[in-house]
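Residues per chain are reported as follows:
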Amino acid sequence: QVQLVESGGGLVQAGGSLRLSCAASGRTFSSYGMGWFRQAPGKEREFQAAISGSGGSTYYTDSVKGRFTISRDNAKNTVYLQMNSLKPEDTAVYYCAATERTYPPRTNAYAYEYWGQGTQVTVSS
């Protein structure tokens, strides 16, 4: 079992940056592959980025490549999502998720067993 708590969301202007954090507690953090997803009102939850248990492999959805960076610090039991050049269409609740499948990075929400409560990101135009 692992518990996940996101933080770092907020209101930012278009073109700005935010860094989301997801703190994990429970089993050895490196035993989990991690992912970030988002869900906008009236839309399905969408994959954004994923990282393997060691941090050596990452994967991004096309719309965030070059703008978002996922990373992890296994010593701090934390995964991050650095979001740059934010756009109004990035507005959503962002969720981190953990899977016991550490490699390769997973893009399907059904692959993740554990979820955080979400953090709101709002990008104004």
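Residues numbered from 1 in each chain as written. Predicted model: local features only at pLDDT ≥ 70, side-chain atom pairs only at ≥ 80, totals over all residues. Heavy atoms only, no water.

Participant: Break down the pattern of salt bridges for me, citing the residues and quoting the values.
Facilitator: With the rule as written, the count across this model stands at five salt bridges. Across the pair Asp62 and Lys65 runs a salt bridge, and its minimum N-O distance is 3.0 Å. According to the relative accessible area criterion, Lys65 is partly exposed, its value standing at 48%. A salt bridge links Asp90 to Arg67; the nearest nitrogen and oxygen atoms lie 2.8 Å apart. One end of the pair, Asp90, is in the loop between β8 (78-83) and β9 (92-99); the other, Arg67, is in the loop between β6 (58-60) and β7 (68-73), and 23 residues separate them in sequence. Of the residues examined, Asp90 reaches a relative accessible area of 0% and is grouped as buried. Using a relative accessible area of 11% as the deciding quantity, one classes Arg67 as buried. Bridged by salt links that share partners, the residues Arg38, Glu46, Arg67 and Asp90 form one connected network. (Salt bridge = Lys/Arg side-chain N within 4 Å of Asp/Glu carboxyl O. Buried < 20%, exposed > 50% of the residue type's maximum accessible area, 1.4 Å probe, protein only. Helix = DSSP H or I, 4+ residues; strand = E, 2+ residues; numbered from the N terminus.)

Participant: Mind laying out the nonpolar core, listing which residues take part and the relevant values?
Facilitator: In summary, soluble globular proteins display a tendency toward joint burial of nonpolar side chains. Counting residues in hydrophobic clusters, the biggest one holds 29 residues, and the most contacted among them are Leu4, Met34, Trp36, Leu81, Met83 and Tyr94. Of all the secondary-structure elements, those providing two or more residues to this core are β1 (2-7), β3 (18-26), β4 (33-39), β5 (46-51), β7, β8, β9 and β11 (119-124). In this view, Leu4 contacts Cys22, Ala23, Ala24, Met34, Cys96, Ala97, Ala98, Tyr114, Trp115, Gly116 and Gln117; residues no more than four positions away in its chain are not counted. Formed by six residues, the second largest nonpolar core is a distinct cluster that contains Phe47, Ala97, Ala111 and Tyr112. (Core = buried A, V, L, I, M, F, W, Y, C linked by side-chain atoms within 4.5 Å. Contact = heavy atoms within 4.5 Å.)

Participant: Account for unusual backbone geometry, naming residues and giving values.
Facilitator: Here the bond from Tyr103 into Pro104 is cis, since omega is -5°, no more than 30 degrees from zero. With respect to the helices and strands, Pro104 occurs in the loop between β9 and β10 (114-115). Even without being a glycine, Asn77 presents a positive backbone phi close to 55°. Along the polypeptide, Asn77 turns up in the loop between β7 and β8.

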